[in-house]
Every structure is written in C-alpha cells, then in structure tokens.
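Read off the chains here:
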Amino acid sequence: MSRRRIGFWYRLAAVICKPPLAVLIKRDWRGMEHIPADGGFITAVNHNSHVDPFAYAHYQYNTGRVPRFLAKSGLFKKGFVGAAMRGTGQIPVYRESTDALSAFRAAIEAVERGECVAFYPEGTLTRDPDGWPMTAKTGAARVALETRCPVVPVAQWGCNELLPPYAKKPHLFPRKTHHVLAGPPVDLSRFYGKEMTAEVLREASAVIMASVTRQLEEIRGEKAPAVPYDPRRERIEQRRRTRAQSGKGQDTVPAPAAEATPAAEATSTATEGGSGK
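Criteria and thresholds
- Residues numbered from 1 in each chain as written.
- Predicted model: local features only at pLDDT ≥ 70, side-chain atom pairs only at ≥ 80, totals over all residues.
- Heavy atoms only, no water.
- Helix = DSSP H or I, 4+ residues; strand = E, 2+ residues; numbered from the N terminus.
- Contact = heavy atoms within 4.5 Å.
- Areas by Shrake-Rupley, 256 points an atom, 1.4 Å probe, with all protein chains shown as cover.
- Salt bridge = Lys/Arg side-chain N within 4 Å of Asp/Glu carboxyl O.
- Axes fitted to C-alpha atoms, helices over the stretch in contact; angles between N-to-C directions.
- Left-handed = near helix turned anticlockwise from the far one by under 90°.
- Nonpolar A, V, L, I, M, F, W, Y, C, P; charged D, E, K, R; others polar.
- 1 Å grid on protein atoms, 1.4 Å probe; cavity = no way out; pocket = protein on both sides within 12 Å on 5 of 7 lines; lining within 4 Å.
- Points joined across faces, edges and corners; volume = space filled by probe spheres on them.
- Patch = residues over 30% accessible without salt bridge, like charges linked within 9 Å, V, L, I, M, F, W, Y side chains within 5 Å.
- Lys, Arg positive; Asp, Glu negative; His and termini not counted.
- Charge placed at Lys NZ, Arg CZ, Asp CG, Glu CD.
- Buried < 20%, exposed > 50% of the residue type's maximum accessible area, 1.4 Å probe, protein only.

A. View of the overall build of the chain. A tally of regular secondary structure across the chain gives ten helices and seven strands. Residue pairs in contact within the chain that sit at least 24 positions apart in sequence constitute 75% of those at least 6 positions apart. As presented, the chain carries roughly 13400 Å² of accessible surface, and 54% of it is formed by carbon and sulfur atoms.

B. Geometry of the pattern of salt bridges. Under the definition given, this model contains seven salt bridges. Several salt bridges converge on common partners, so that one network encompasses Asp28, Arg30 and Glu218.

C. Region of the structure containing the packing of helix α1 (residues 8-24) against helix α2 (residues 52-61). With their axes 10 Å apart at the nearest point, α1 and α2 run at an angle of 115° to one another. Of the two possible hands of crossing, α1 and α2 adopt the one that is left-handed. Listed contacts from α2 to Tyr10, Arg11, Ala14, Cys17, Lys18 and Leu21 of α1 are Phe54, Ala55, His58 and Tyr61. For the contact of α1 with α2, the class distribution of residues is seven nonpolar, one polar and two charged.

D. Summary view of empty space enclosed by the protein. On inspection of all chains with the given rule, the structure shows one cavity of 30 Å³ or more. Considered as a void within the structure, the largest cavity measures approximately 30 Å³ in volume. Leu21, Ala22, Ile25, Arg27, Trp29 and His58 are the residues that line the largest cavity. For the lining of the largest cavity, the secondary structure elements donating two or more residues are α1 and β1 (25-30). Here the element with the most residues in the lining of the largest cavity is β1; it accounts for three residues. In terms of residue class, the lining of the largest cavity is made up of four nonpolar, one polar and one charged.

E. Molecular detail of a positive patch on the surface. A cluster of basic residues, Arg127, Lys137, Arg232, Arg233, Arg235 and Arg239, forms a positive patch at the surface. Structurally, arginine 239 can be placed in helix α9 (residues 231-245). You can call arginine 239 partly exposed: its relative accessible area is 39%.

F. Spatial organisation of unusual backbone geometry. That bond from phenylalanine 173 to proline 174 is cis: its omega, -10°, falls within 30 degrees of zero. Its identity is not glycine, yet arginine 148 carries a phi of approximately 55°, on the positive side. The topology assignment puts arginine 148 in the loop between α6 (139-147) and β6 (151-157). Its relative accessible area of 49% is what places arginine 148 among the partly exposed residues. Phi is positive for tyrosine 166, which is not a glycine, with a value near 65°. The topology assignment puts tyrosine 166 in the loop between α7 (159-162) and β7 (176-182). Judged by its relative accessible area of 35%, tyrosine 166 is partly exposed.

Structure below.
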C-alpha cells in the first residue's frame, strides 16, 4: 500500500475527528520513522482509555499508513456504521470460527494485501492499577507468525489522563498531552518454522508485549512491574480471597483455565467497534 492511498471514508473520519482531538489534547508523537513505508505490517498498541483509539489513529494517519482496527464481524453488516466500517477498511473478526486462524483470516488477508493491521494485544482496557500493559492475548502473534510481517510496538500515554480506564467523566483541564512512541519491529524470527502451539503463541505474545512495555517505560521515565498484570490470575486470586473471607477458604483454588477457544480469543481481541468502546 502506498502512503497516498487513504480513501474517502478515512478522510471523512479524519475531517470529523481531528478538530476535537486537536482541541482536547496536545501531541508528543515520536517514532514515526519505524512505521514501514510499504508492505503489510502489524502495530501492537497498549490500550488505557476509550479515547486512545481515536488519538492513536490520528497519529498513524499522519504517517500516511492508516491503521485497520479489528472489530466484531456483525458491525459490518448494516446501516451507516457498517458502511463506515467497510469504507475505512476495518478488519472483521469471525467469532463463529472453529479455529483461530480462520477467526483472523481477514486480518491475515489484509496484511498480505499490504495493509497495516492495528492490534490491542491486551484485548481490552488495562486493569493494571498503575496503567501498565497487561498480559497479551495471542491474536497478534498468530497473525504475525502466519504472515511473518513486521510487528511495530507502539506505546501511548495521556488519553488515560483525559478519560481514565472505565471512567465515564472526562478530565478536560488542564489540557492533556498524548504521548506516542513507536519502536523498531519486534524480532520474532526465533518462532518462525515452529508449530503454532499454545506455548509458542504465549511466548511470542509475551515478547511483543514486552516491547510495547519498554516503549511505555521510555515515555513515562520509570520501570514497569517485573511481572505484568494478569487479569485471569487476578480473578482467581479474588475468588480465593472471597472464599477465605466467607469461611470457605479451605477449598482448593482451581487452576487457570485452559487456553481460550478461538472464538473467545477473537471476541476479546476485537476492540469494541474497532476504534474504541
């Protein structure tokens, strides 16, 4: 894909979204030199605000390589929303698929056509108390290993100060700064040629998310926790604490659930509406 082929629908979205973003947030955008000029690639981006998909799309729009976000396939079928999703080239995720590669087949095809596919590897807004990236789901790694395309780690910070995770009321003043830092592509060559087992996918996903976290450490000027926040482990610990407090703490804590089914993986990986919740 050339840098000039953005299209009517994406330009229309930019005309609508860019003015309020320019008013609401200042910009500290770095690392655009790591966005490939040509060919298909993935960006792996942390997610800490309902606003950040719009702000991040603005960042990448300015590079000439617009991002194609993942969204639930049902959103593409009807009405203005469906037309806009199709027109801007967003990527449907097929939740009904029985295997993971089929669930992500549109993302794979987009990369092979030379598009940029933007992944939020965490699959949802971070629940880390200090806003650090959580453990990653395996969707980005699946597509990256299938296509062997570049994976560009991108960290962002600042929209979470405008609208914190899971908050409903924005903090408009003082005006916030949206910091973005893209890094060089993640080296996944050690995984090429290996069978795409759950263990390989988890390891590759951890490598991707560690690269994103390093970019965020540079933005924030501090170190992230040595062990990323794991929401599944936290749910298990919360159940254990609840049982202990209710006098049932002698029960055995169940082991973590098995690797998510492809449909569940696809559902959680697809961001809500492709550009925020």
